[in-house]
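# Examining the three-dimensional arrangement
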Amino acid sequence: MTIDSATATGTDVSTIDLDEFIAGIPKCELHVHLEGTLEPDLKLELAARNGIVLKEKTVAEVEATYGFDSLASFLAVYYPAMHVLVTADDFRDLAFAYLTKAASDGVRHVEMFFDPQAHTGRGVPFATVISGYRRAIVDAHAQLGISAELIMCFLRDLSAEFAMATLMESLPYRDWIIGVGLDSDERDNPPNKFAAVFARARREGYQLTCHCDIDQVGSIENIRQALEDIGVDRIDHGTNIVESPQLVQDAKRRGIGFTCCPVSNSFVTSDMKATEIVTLLRDDVKVTVNSDDPAYFGAYIAGNFAALAGRASLGPEDVARLARNAFEIAWLTPRARAAYLEELDTYLARYGL
Ligand code: HPA
Ligand code: ZN
């Protein structure tokens, strides 16, 4: 069924072309690492621009280095690749390229992670990173009509002192950053290592989120710490929570959102975790679908929706629920949230949903 032939009443959802429905549905992306949107062709271009000699000379050669099967082996490819990002223009071009793709994928609002320590740690000033990213957001809003915010992530395998210093460095740019998160290698780096950093970030008015990666040693304890000790507003990944009915109840009661990334899951654990995501969805937990590091995992947000829908035999109502959850848990103003939800409802009404 096409949009034109849909009627507002009595629609048989089984006739809806799901790929077309997924492509067009207004989306909100809440889990994407800007540095994970570095496509091989842009990597080569930035290296040439900055006089950096890479071993790889072609897109195929860059892609040939993408051999990962765990979070740690992914990160071992991800961090060195970022060294081609040097000037504010580089950061601007990276984020603008992502926002252009996202807009063409139907994304209306996005909250994007960035890893300042991966740049300041190699001598690129914080101001360079954030001014480039900010320029992309302003340009994309003006040219593409997409809204975007930045979430500053701390690298959990580095010290809490470095994270605190980075938090302090961010304060002059407080208005350009909506929240803070925690990423990188989770093993032996639980949320509570950063308790003081999160507490200070909260006092400064930042929203809080935290990666609880899939199938980690101590996943459940780390989810518990994030929810109970840190008091996060949402959790990135975190589907291991299905193992604890009590934590699921707690997350539901507090309306905590989960930013799931099915295709990424299938790379770092060889399982999309579709069963866990759908179990939580059916239990009215606010799970969402996102792309994580799309340049590395080969799927942007629409591809993630399609992959999950295919694996779990989801229908249009499930896809609509996942899209709605994201607008509901996004850190939007009430007015912006209402406007995006109205846009979503208008789209769904065209399908009789
Ligand atoms: N988990 C942890 N660190 C990361 C990720 C992730 O999914 N993506 C980029 N850095
Ligand atoms: Zn992530």
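Residues numbered from 1 in each chain as written. Chains lettered and ligands numbered in written order. Predicted model: local features only at pLDDT ≥ 70, side-chain atom pairs only at ≥ 80, totals over all residues. Heavy atoms only, no water.

### Overview of the site of ligand 1
Near ligand 1 you find His33, Leu71, Phe74, Leu75, Tyr78, Asp183, Ser184, His211, Asp213, His237, Asp292 and Asp293, and these make up its full shell. Contact distances for ligand 1 include 2.9 Å between a nitrogen atom and a backbone N or O atom of Ser184. Here Asp293 contributes a side-chain N or O atom positioned 2.8 Å from a nitrogen atom of ligand 1. In the complex, 98% of the free accessible area of ligand 1, which totals 260 Å², lies under the protein chains. Among the elements that make up the shell around ligand 1, the one with the highest residue count is helix 4 (residues 71-81) (4 residues). Here the residues of the shell around ligand 1 are counted per class, giving 4 nonpolar, 4 polar and 4 charged. (Near = heavy atom within 4 Å. Polar contact = N/O pair within 3.5 Å; in protein donor to acceptor, adjacent residues only side chain to side chain. Areas by Shrake-Rupley, 256 points an atom, 1.4 Å probe, with all protein chains shown as cover. Helix = DSSP H or I, 4+ residues; strand = E, 2+ residues; numbered from the N terminus. Nonpolar A, V, L, I, M, F, W, Y, C, P; charged D, E, K, R; others polar.)

### Details of the nonpolar core
One finds Met112, Phe114 and Tyr296 to be the most contacted residues of the largest nonpolar core, which totals 116 residues. Among residues more than four places away in sequence, those in contact with Tyr296 are Glu35, Gly36, Leu38, Tyr66, Phe68, Phe74, Val77, Tyr78 and Ala81. Residues Phe113, Ile151, Ile178 and Trp331 belong to the second largest nonpolar core, which totals 5 residues. (Core = buried A, V, L, I, M, F, W, Y, C linked by side-chain atoms within 4.5 Å. Buried < 20%, exposed > 50% of the residue type's maximum accessible area, 1.4 Å probe, protein only. Contact = heavy atoms within 4.5 Å.)

### Details of the packing of aromatic side chains
Counted according to the given criterion, the structure contains 20 aromatic pairs. Judged by centre distance (6.0 Å) and plane angle (75 degrees), the rings of Tyr78 and Tyr296 are edge-to-face. In this pair, Tyr78 is assigned in helix 4 and Tyr296 in helix 14 (residues 294-297), connecting sequence segments 218 residues apart. An identical accessibility class is assigned to Tyr78 and Tyr296; each is buried. A network of ring pairs unites the aromatic residues Tyr66, Phe68, Phe74, Tyr78, Tyr79, Phe267, Tyr296 and Phe297 as a single cluster. Of note, Arg92 hangs over the ring of Phe96, and the distance from its end group to the ring centre comes to 4.3 Å. Here Arg234 stacks its cationic end above the ring of Trp331, 3.7 Å away from the centre of that ring. (Phe/Tyr/Trp six-rings, centres within 6.5 Å; stacked < 30°, edge-to-face > 60°. Lys NZ or Arg CZ within 6 Å of the ring centre and 35° of its normal.)

### A few points about the coordination of the zinc ion (ligand 2)
The coordination sphere of the zinc ion (ligand 2) contains the protein donors His31 (NE2), His33 (NE2), His211 (NE2) and Asp292 (OD), at a distance range of 2.0 to 2.3 Å. Donor residues for the zinc ion (ligand 2), ordered by position in the chain, follow H-x1-H-x177-H-x80-D. For His31, a relative accessible area of 0% gives the class buried. (Donors = N, O, S within 2.8 Å, 3.2 Å for Na, K, Ca; no water.)

### Digging into helix 9 (residues 195-203)
Every buried residue of helix 9 is accounted for by Val197, Phe198 and Ala201. Angularly, the buried residues of helix 9 cover 95 degrees about the axis, an arc narrow enough to put them on a single face. Along helix 9, exposed side chains directed more than 90 degrees from the buried face belong to Ala196 and Arg203. On its buried face, helix 9 sits against strand 3 (147-155), helix 8 (160-170), strand 4 (177-183), strand 5 (207-212) and helix 10 (219-230). (Arc of directions from axis to C-beta.)

### Concerning the pairing of strand 3
Counting buried positions along strand 3 gives 8 out of 9 residues, so the element sits mostly inside the fold. As paired elements, strand 2 (residues 107-114) and strand 3 share 6 bridges and run parallel to each other. Bridged to Phe114 within strand 3 is Met152. Sheet topology note: the strand 3/strand 4 ladder contains 6 bridges and is parallel. Bridged to Met152 within strand 4 is Val180. Remark: the strand 3/helix 8/strand 4 crossover connection has right-handed handedness. (Pairing = 2+ DSSP bridges. Right-handed = clockwise from strand over helix to strand, strands pointing away.)

### Some thoughts on the pattern of salt bridges
Applying the stated criterion across every chain, the model contains 22 salt bridges. A salt bridge links Arg224 to Glu221; the nearest nitrogen and oxygen atoms lie 3.0 Å apart. Of this pair, Arg224 and Glu221 both sit in helix 10, 3 residues apart, which is roughly one turn of the helix. According to the relative accessible area criterion, Glu221 is partly exposed, its value standing at 36%. Note that Asp283 and Lys252 form a salt bridge whose closest N and O atoms lie 2.9 Å from each other. Of this pair, Asp283 sits in the loop between helix 13 (274-282) and strand 8 (286-289) while Lys252 sits in helix 11 (residues 245-254); the two residues are 31 residues apart in sequence, bridging distant segments of the chain. Classification of Lys252 as partly exposed rests on a relative accessible area of 30%. (Salt bridge = Lys/Arg side-chain N within 4 Å of Asp/Glu carboxyl O.)

### What to know about the sheet that holds strand 1 (residues 27-29)
Hydrogen bonding along the main chain pairs the strands of a sheet, whether they run parallel or antiparallel. In spatial order, the strands read 1-2-3-4-5-6-7-8; together these 8 strands make up an open sheet with parallel pairing. Because the sheet does not close on itself, it has two edges, and the strands there are strand 1 and strand 8. The mean inter-strand angle of the sheet, taken between neighbouring strand axes irrespective of direction, is 25 degrees. Bridging between strand 4 and strand 5 involves 2 bridges; their strand directions are parallel. What sits directly across from Gly179, in strand 5, is Gln207. (Axes fitted to C-alpha atoms, helices over the stretch in contact; angles between N-to-C directions.)

### Details of the side chain of His109
Following the sequence through the fold, His109 ends up in strand 2. Here His109 falls in the buried class, since its relative accessible area comes to 2%. Within polar-contact distance, the side chain of His109 engages the side chain of Glu111 at 2.8 Å. A polar contact is formed between the side chain of His109 and the side chain of Ser147, at a distance of 2.7 Å. Ignoring sequence-local partners within four residues, the contact set of His109 consists of Lys27, Cys28, Glu29, Ile146, Ser147, Ala148, Glu149, Ala330, Leu332 and Tyr340.

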